[in-house]
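Residue strings, one per chain:
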Amino acid sequence: MPGGEVDFYNQRWFDYTGRRYGETAGWGWQQIVHPDDLQKTMSAYLESLQSGSVYELENRYLRWDNTYRWHLNRAVPLRDDNGEILFG
């Protein structure tokens, strides 16, 4: 099982959050999640990492202008021909 640390963001993430890579790398992305949504987000994220299930959740992210906006997050694990999850 991977550790779950984020090691890549696309340019849209930086444009939206107004943050630099070092500010949200690893587990730093948690500071962008609305405090009321963080526990739900973490539970779903860690369950997905452990089980290999699809991660799908609606939560709020902090935008560069200090407003929160709703987002739908969805991640599907990549699998090899034997059904094993591929890790970067």
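Every value quoted in this text rests on a predicted model; they were computed, and no experiment measured them. (Residues numbered from 1 in each chain as written. Predicted model: local features only at pLDDT ≥ 70, side-chain atom pairs only at ≥ 80, totals over all residues. Heavy atoms only, no water.)

1. Quick word on the overall build of the protein chain
Okay, so step 1: Of regular secondary structure, the protein chain possesses three helices and two strands.
Okay, so step 2: Secondary structure elements in the protein chain, listed N-terminal to C-terminal, are α-α-α-β-β.
Okay, so step 3: A total of 88 residues make up the protein chain; the buried ones form 32% of that total.
Okay, so step 4: The contacts of the protein chain with a sequence gap of at least 6 include a subset with a gap of at least 24, amounting to 33%.
Okay, so step 5: For the protein chain, the computed accessible surface area is about 6200 Å², with 50% contributed by carbon and sulfur atoms. (Helix = DSSP H or I, 4+ residues; strand = E, 2+ residues; numbered from the N terminus. Buried < 20%, exposed > 50% of the residue type's maximum accessible area, 1.4 Å probe, protein only. Contact = heavy atoms within 4.5 Å. Areas by Shrake-Rupley, 256 points an atom, 1.4 Å probe, with all protein chains shown as cover.)

2. Concerning the nonpolar core
Okay, so step 1: Core analysis: the biggest nonpolar cluster contains 14 residues, and Val6, Tyr9, Trp13, Trp29, Ile32, Tyr45 and Tyr61 have the highest contact counts within it.
Okay, so step 2: Listing elements by their share of this core, those giving two or more residues are α1 (11-17), α3 (38-51) and β1 (55-62).
Okay, so step 3: In terms of residues, this core owes the most to one element, β1, which gives four residues.
Okay, so step 4: Setting aside anything within four residues of it in sequence, one finds isoleucine 32 in contact with Trp13, Thr17, Arg19, Thr24, Arg60, Tyr61, Leu62 and Tyr68. (Core = buried A, V, L, I, M, F, W, Y, C linked by side-chain atoms within 4.5 Å.)

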